[in-house]
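# A look at the structure
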Amino acid sequence: MSGFGRAECVALRGLEGVGVQIEVHASSGLPVVHIVGLPGPAVQQARHRTWSAIARMGLTAPSGRVVINLTPASLPKAGTHFDLAMAIAVLRASGVVPPDDEATALLGELGLDGRLRPVAGTLPLARAAAEAGMTRLVVPTASADEASLVAGLRVLGAPSLAHAAALLGAELEPEPVEPVLADPVPARAHAALDLADVVGNRDAVDALEVAAAGAHHLMMVGPPGAGKTMLAMRLPGILPPLTQVQALDVASLRSLSGEPAAPTLDLLPPFEHPHHSATAVSLIGGGSGAIRPGAAARATHGVLFLDEAPEFPRTVLDMLRQPLESGTITVHRAAGAASFPARFQLLLAANPCPCGQFGSGDCTCAPQQRRRYFGRLSGPLLDRVDLQVRVDRVVPGVDGERHRRTTADAASRVTEARARAAHRLHGTEWTAMGHVPGPWLRRSLPLDRALLAPLERALETGSLTMRGLDRTVRVAWTMADLDAVASPSLTHIGRALALRKGIPA
Ligand SMILES: [Zn+2]
């Protein structure tokens, strides 16, 4: 007895997908199953899950020699999401399921009992299926909502292999089964936070607003307990909401990390805050099997917050160079490389010195200890940080609670400032002043000599470098945008200069 079956699936490299065809040739001979076409370990093990599931569902698998061929052959296939397509191709080879009459991709992991389990990355896999020309998608019941976020696909949810086979035309009446549930969608801790909760620290609140308006990277320096984390978590709320495409990217990256997407897209920019003890893999991405994005990629279109930034290992900080320069991150593994988008706004927080008390009189650190502490951040990272602000502990009763800015107020000012900047940068590749390189800024938006005078004085005394000058000018432009004026004033230049002195000498 011989038979042939085929089914369609997709593989991911980063967020990009490639259509994968699964062909099954069954012939008489000794019972043996070969999987060819660069199957990873999880795909090799799929044969056990497939045969067990087929038996448990009371279906018939080919009994002799079976060759399962995954094409394109040169593409490594990792993950358990190929299970369903493999099982359906096998059932087609044994004549249980008829050939496809519509371009249908199949995604899902099989349990030994035949139930379908949701897989990480359902959303980007579904996007890839649509891009590969599929019009119908069969997924585990628990993944149907997530896959339905992709336009142009008819999504069918199935609780088990037998139900999927029946949806695809097998003459079966499967017993009802309890679907495997997806993990709950985690709540965003920063979703409901308001800037009005911040007492005092006007300069820091101003700096946060400037950072949001110009997409400038920001560093906050202050003693423990000054509220740096509280401020940081309020940055996403004053950033412009995500566009639909951005939100789909963000949800896709989360989905690849194993977080199912909510039934509606979350338009709040992401906030990622890896701990300084985090591994390079958790920050940059990687893992055995399918390559997962790290915090830097998941912060795309949002904020990457590194609290106690000087405590991060230098090697890990250096890995942020590539995303800061190119907006992408490439993870290399033996099984191949994957690229993820990683265009985030960097927010750093640091104590003023290793003991945290510098400036209060109780500091026990030697000057070279302080220099070494910040030295770890120098170079690639601090070079790109336009704003440095001091955050101090608030003394009760002294810092009034009046004139507090709400998140809604700040967000609307930020939106207007961004619109002014986008108008000025129309026709360039940039949309915010924080993205504009120094040489272009000097050439295309020259400032009056009178405005440059304080900057030139600072250059002469060595308190400002050429890069520092460019950063100050960029920030001054954003301040002008926030004040709804055509170009920076001397006041803006002065305030911008003051906002780059966070690191104590
Ligand atoms: Zn100290």
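Residues numbered from 1 in each chain as written. Predicted model: local features only at pLDDT ≥ 70, side-chain atom pairs only at ≥ 80, totals over all residues. Heavy atoms only, no water.

## A short note on the overall build of the protein chain
Looking only at helices and strands, one finds 20 helices and 18 strands in the protein chain. With respect to the principal axes defined by its C-alpha atoms, the protein chain has extents near 90 × 45 × 45 Å. Burial status across the protein chain gives 51% buried among its 505 residues. Looking at the protein chain alone, contacts between residues at least 24 apart form 73% of all its contacts between residues at least 6 apart. A total of about 21,900 Å² of accessible surface is found on the protein chain, and carbon and sulfur atoms cover 53% of it. Looking at charge distribution, the protein chain has the averaged site of its 48 positive side-chain charges lying 7 Å from that of its 46 negative ones. (Helix = DSSP H or I, 4+ residues; strand = E, 2+ residues; numbered from the N terminus. Buried < 20%, exposed > 50% of the residue type's maximum accessible area, 1.4 Å probe, protein only. Contact = heavy atoms within 4.5 Å. Areas by Shrake-Rupley, 256 points an atom, 1.4 Å probe, with all protein chains shown as cover. Lys, Arg positive; Asp, Glu negative; His and termini not counted. Charge placed at Lys NZ, Arg CZ, Asp CG, Glu CD.)

## Side note on helix α16 (residues 407-424)
In a regular helix each residue adds 1.5 Å, so 18 residues correspond to 26 Å; α16 covers 26 Å between its end C-alpha atoms and thus fits that length. When we look at burial in α16, the residues that qualify are Thr407, Ala410, Ala411, Val414, Ala417 and Ala421. The buried residues of α16 occupy an angular sector of 130° when projected down its axis, which confines them to one face. Of the exposed residues in α16, those oriented more than 90 degrees away from the buried face are Ala408, Glu416 and His423. (Expected span 1.5 Å × (residues − 1). Arc of directions from axis to C-beta.)

## Quick notes on the environment of His216
The topology assignment puts His216 in the loop between α7 (202-214) and β10 (217-221). Overall, the relative accessible area of 1% leaves His216 in the buried class. Between the alpha carbons of His216 and Gly19 there is a distance of 39 Å; along the sequence they are 197 residues apart. Not counting residues within four places of it along the chain, the set of residues in contact with His216 comprises Val210, Ala211, Gln345, Asp386, Leu387, Met433, Gly434, Arg474, Val475 and Thr478.

## Looking at the coordination of the zinc ion
Every protein donor of the zinc ion is listed here as Cys353 (SG), Cys355 (SG), Cys363 (SG) and Cys365 (SG), and their distances to the metal cover 2.1 to 2.4 Å. For the zinc ion, the four donor atoms are set out with angles of 105 to 114° between them, so the coordination reads as tetrahedral. When the donors of the zinc ion are listed by position in the chain, the intervening gaps give C-x1-C-x7-C-x1-C. You can call Cys365 buried: its relative accessible area is 12%. (Donors = N, O, S within 2.8 Å, 3.2 Å for Na, K, Ca; no water. Tetrahedral: all angles 85-135°; square planar, octahedral: opposite > 155°, others 65-115°.)

## Here we look at the packing of aromatic side chains
This structure, assessed with the given rule, holds three aromatic pairs. Centre to centre, the rings of Phe271 and Phe305 are 5.8 Å apart; their planes meet at 25°, and the pair counts as stacked. One end of the pair, Phe271, is in strand β11 (residues 271-272); the other, Phe305, is in strand β14 (residues 303-306), and 34 residues separate them in sequence. Taking relative accessible area as the criterion, Phe305 reaches 2% and is therefore assigned buried. Ring geometry for Trp430 against Trp440: centres 5.3 Å apart, planes inclined by 65°, an arrangement best described as edge-to-face. One end of the pair, Trp430, is in the loop between α16 and α17 (438-444); the other, Trp440, is in helix α17, and 10 residues separate them in sequence. Across this residue pair, the class does not change: Trp430 and Trp440 are buried. (Phe/Tyr/Trp six-rings, centres within 6.5 Å; stacked < 30°, edge-to-face > 60°.)

## So, the sheet that holds strand β18 (residues 385-390)
In space, the five strands of this open sheet follow the order β11-β14-β17-β10-β18, with parallel pairing throughout. A strand with exactly one partner marks an edge of an open sheet, and here the two such strands are β11 and β18. The pairing of β11 with β14 spans two bridges and is classified as parallel. When the sheet's bridge partners are listed, Glu272 is paired in β14 with Leu304. (Pairing = 2+ DSSP bridges.)

## Some points on the domain arrangement of the protein chain
Taken domain by domain, the protein chain comprises domain 1 (3-167) and domain 2 (195-498). Between the C-alpha centres of domain 1 and domain 2 the distance comes to 43 Å. Each side of the interface is counted separately: domain 1 has 15 residues, and domain 2 has 24 residues. Roughly 1,400 Å² is buried in total at the junction of domain 1 and domain 2, and carbon and sulfur atoms are behind 66% of that figure. Per-residue buried area on domain 1 facing domain 2 is highest for Leu15, Arg127 and Leu149; these three make up 37% of the total on that side. Inspection of the region where domain 1 meets domain 2 yields one salt bridge. As a salt-bridge pair, Asp249 and Arg127 come within 3.2 Å of each other at their nearest N and O atoms. Taken together, the connections running from domain 1 to domain 2 amount to seven residue pairs in polar contact (both at pLDDT 80 or more). Only β1 (3-13), α4 (122-131) and α5 (144-147) provide two or more residues apiece to the side of domain 1 that touches domain 2. Examining the composition of the side of domain 1 that touches domain 2, we find that four residues originate from one element, α4, more than from any other. (Domains from an automatic or database assignment. Buried area = accessible area lost by both parts, 1.4 Å probe. Salt bridge = Lys/Arg side-chain N within 4 Å of Asp/Glu carboxyl O. Polar contact = N/O pair within 3.5 Å; in protein donor to acceptor, adjacent residues only side chain to side chain.)

## As for the packing of α4 against helix α10 (residues 244-256)
Their axes nearest at 6 Å, the elements α4 and α10 cross at an angle of 120°. Looking at the two axes, α4 sits oblique to α10. Counted together, Thr122, Leu123, Pro124 and Arg127 of α4 and Val245, Leu248, Asp249, Ala251, Ser252, Ser255 and Leu256 of α10 form the full contact between these two elements. Class assignment for the residues of the contact of α4 with α10 results in six nonpolar, three polar and two charged. (Axes fitted to C-alpha atoms, helices over the stretch in contact; angles between N-to-C directions. Parallel < 35°, antiparallel > 145°, perpendicular 65-115°, else oblique. Nonpolar A, V, L, I, M, F, W, Y, C, P; charged D, E, K, R; others polar.)

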